[in-house]
Amino acid sequence: MRLMIALLLGLLATPALAQLHPTGRAVVADAIEKVIRPGFAEFAAQTGEMKSRLAALCATASEANLAAAREQFGPVVSAWSRIELFRFGPLMTDNRSDRILFWPDRKGIALKQVQGILAEAEETAVTPERLAGKSVAVQGLGALEFVLFGTGSDALATADGFFRCDYASAIAELMSGTAAQMSAEWNDPEGISARMIRPSETDATYRSNDEVLEELVGVMAHGVEAIRDQRILPFLGRDGAAPKPKSALFWRSNQTAPSILANFAGLEALLVGSDIWEYAPTEQFSIGEGAIAAFRQAAAAGATVTGSVEEAVADPAKVRALTELVTASQTIGKLTGEDLPAALGLSVGFSSLDGD
């Protein structure tokens, strides 16, 4: 009777988290079915819509069509940002991650190369097949942002912007094709999903369920570190250094804060969708609740960072909000990078983001 009462009290104390203890295979299957597949499908849908809008702009240059294309850039960035930290499987094949987003780019390689293509009107950049053979720096979201929002982009609304539009259209078509292919690979019943759900000793990457779980936990642990160290601190300023708003990713399109929030949202979805903390034999509720609370703190703080990055770093209230994002990332990083692996008996190991 005492045991039954204790169990009931535990369930009442944590109604949002109380569920049946899942098996390791169920954790992985849920992560794929509830989070990864829908995320890649959404990215494919949004890039497909961008391809359509740019095709319309190139067919009929106008202010309205340019506005429609620019408007679609935000949903594409958000869809990408929710999945970009899932750095395993299809995303890491054929250098796809860098092809979609070449970042960090501390030496400004992409900008120089994109400006060169536009200045020289390089014909090799206006067909997806030939663009795919060029530098990864000129075929992804960074390049597309400059073409749509950078210096000279208003010409896209006129006939004078025909080459620029064709280049943007080629980027979008290439990206859309890659996104559709990745989504198809995740949906292949005999592909990466099957390998992760049913690991095998003969599989060089996923020999056991623990190795798959380490992959998922590592995404969260290293992901929040990447958000903090690659996306927030470089423009906010480290250790009292002056802010550098134009070093922020997507500053031209005002998608810096939305992309960061989508990064956090993607990791939270993976944590919640997989119920991975429930697989821990002890302390699972405190780990899950703590991480979810920190994710919510990040979302609330980030929602207040509106407008341009330049405006944000000059506004004390928004600087405080950005600092809260850093603090939230540290909390999430400890819970998912230290506490959760320890509770699961796992090692998060090396990050593919290290050294970027």
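In this text the structure is predicted, and so the values were computed from the model without any measurement. (Residues numbered from 1 in each chain as written. Predicted model: local features only at pLDDT ≥ 70, side-chain atom pairs only at ≥ 80, totals over all residues. Heavy atoms only, no water.)

## Overview of the confidence of the model for the protein
Should pLDDT be low for a region, the predicted coordinates there are not to be read in detail. Taken residue by residue, the protein gives an average pLDDT of 91. The fraction at 70 or more is 91%. Contacts from residues 1-19, a stretch scored under 50 in pLDDT, to residues over four places away or in other chains number 14 contacts. (pLDDT = per-residue confidence, 0-100. Contact = heavy atoms within 4.5 Å.)

## A few points about the packing of helix α10 (residues 209-236) against helix α14 (residues 316-344)
Closest axis-to-axis distance for the α10/α14 pair is 9 Å, and the angle between their directions is 160°. It follows from the interaxial angle that α10 and α14 lie roughly antiparallel. Here α10 runs over α14; the crossing is left-handed. Of the residues that constitute the contact of α10 with α14, the class distribution is 16 nonpolar, six polar and one charged. (Axes fitted to C-alpha atoms, helices over the stretch in contact; angles between N-to-C directions. Helix = DSSP H or I, 4+ residues; strand = E, 2+ residues; numbered from the N terminus. Parallel < 35°, antiparallel > 145°, perpendicular 65-115°, else oblique. Left-handed = near helix turned anticlockwise from the far one by under 90°. Nonpolar A, V, L, I, M, F, W, Y, C, P; charged D, E, K, R; others polar.)

## Let's talk about the side chain of Ser259
Looking at the element boundaries, Ser259 is found in helix α11 (residues 256-274). A distance of 2.8 Å separates the side chain of Ser259 from the backbone oxygen of Thr256, its partner in a polar contact. Not counting the four nearest positions on each side in its chain, Ser259 is found in contact with Val77, Ser81 and Phe250. (Polar contact = N/O pair within 3.5 Å; in protein donor to acceptor, adjacent residues only side chain to side chain.)

## Regarding empty space enclosed by the protein
Scanning the entire structure with this criterion turns up two cavities of 30 Å³ or more. There is about 100 Å³ of room inside the second largest cavity. In terms of lining residues, the second largest cavity is bounded by 16 residues, among which Thr256, Ala257, Val305, Val309 and Leu322 are the most central. Of all elements in the fold, only α11, α13 (309-313) and α14 reach the threshold of two or more residues within the lining of the second largest cavity. Considering each element in turn, the lining of the second largest cavity owes the most residues, five residues, to α11. Among the residues making up the lining of the second largest cavity, the classes are represented as 10 nonpolar, six polar and no charged. (1 Å grid on protein atoms, 1.4 Å probe; cavity = no way out; pocket = protein on both sides within 12 Å on 5 of 7 lines; lining within 4 Å. Points joined across faces, edges and corners; volume = space filled by probe spheres on them.)

## Considerations on the pattern of salt bridges
What the rule picks out here adds up to 12 salt bridges. Across the pair Arg53 and Glu71 runs a salt bridge, and its minimum N-O distance is 3.4 Å. Taken as a pair, Arg53 in helix α2 (residues 24-59) and Glu71 in helix α3 (residues 63-83) lie far apart in primary sequence, 18 residues in all. Given the relative accessible area of 55%, Glu71 is considered exposed. Put simply, Glu211 and Arg207 hold a salt bridge, and the shortest N to O gap is 2.6 Å. (Salt bridge = Lys/Arg side-chain N within 4 Å of Asp/Glu carboxyl O. Buried < 20%, exposed > 50% of the residue type's maximum accessible area, 1.4 Å probe, protein only.)

## Considerations on the state of the cysteines
Linking two cysteines covalently via their sulfur atoms produces the bond known as a disulfide. Evaluated as defined, the whole model comprises one disulfide. Two residues, Cys58 and Cys165, share a disulfide whose sulfurs are 2.2 Å apart. Its S-S torsion of about -105° marks the bond between Cys58 and Cys165 as left-handed, since a negative value means left-handed. Taken as a pair, Cys58 in helix α2 and Cys165 in helix α8 (residues 162-187) lie far apart in primary sequence, 107 residues in all. Look at Cys165 and you get buried, because its relative accessible area is 3%. (Disulfide = S-S within 2.5 Å.)

## Quick word on unusual backbone geometry
The omega angle of the peptide bond from Trp103 to Pro104 is 0°, so this bond is cis rather than trans. You can see Pro104 is positioned in the loop between α4 (96-100) and α5 (109-120). Of note in this structure, Ala121 is not a glycine but carries a positive phi near 50°. Here Ala121 shows up in the loop between α5 and α6 (128-131). Given a relative accessible area of 31%, Ala121 falls into the partly exposed group. Even without glycine at this site, Asp275 takes up a positive phi of about 55°. What makes Asp275 buried here is its relative accessible area of 9%.

## Things to note about the nonpolar core
Counting residues in hydrophobic clusters, the biggest one holds 104 residues, and the most contacted among them are Phe43, Phe86, Tyr167, Met196 and Ile276. For this core, the element with the highest residue contribution is α10, accounting for 13 residues. Ile276 has contacts with Val27, Leu213, Leu216, Val217, Met220, Leu271, Leu340 and Leu344, leaving out every residue within four places of it along the chain. (Core = buried A, V, L, I, M, F, W, Y, C linked by side-chain atoms within 4.5 Å.)

## Observations concerning the packing of aromatic side chains
As enumerated under the stated definition, the model contains six aromatic pairs in all. Counting every residue linked through ring pairs, the aromatic cluster contains Phe40, Phe88 and Trp186. (Phe/Tyr/Trp six-rings, centres within 6.5 Å; stacked < 30°, edge-to-face > 60°.)

## Observations regarding the layout of surface pockets
A volume near 680 Å³ is recorded for the largest pocket. When residues of the lining of the largest pocket are traced back to their parent elements, those giving at least two are α5, α7 (141-149) and α10. If one sorts the elements of the lining of the largest pocket by residue count, α7 sits on top with five residues. Residue classes in the lining of the largest pocket are distributed as 20 nonpolar, seven polar and nine charged.

## Side note on the packing of α3 against α11
Packing of α3 against α11 brings their axes to within 7 Å, and their N-to-C directions diverge by 40°. The angle between α3 and α11 falls in the class oblique. Where α3 crosses over α11, the handedness of that crossing is right-handed. From α3, Val77, Ser78, Ser81 and Arg82 reach across to α11, where they touch Pro258, Ser259, Ala262, Asn263, Ala265, Gly266 and Ala269. Residues that form the contact of α3 with α11 fall into these classes: five nonpolar, five polar and one charged.

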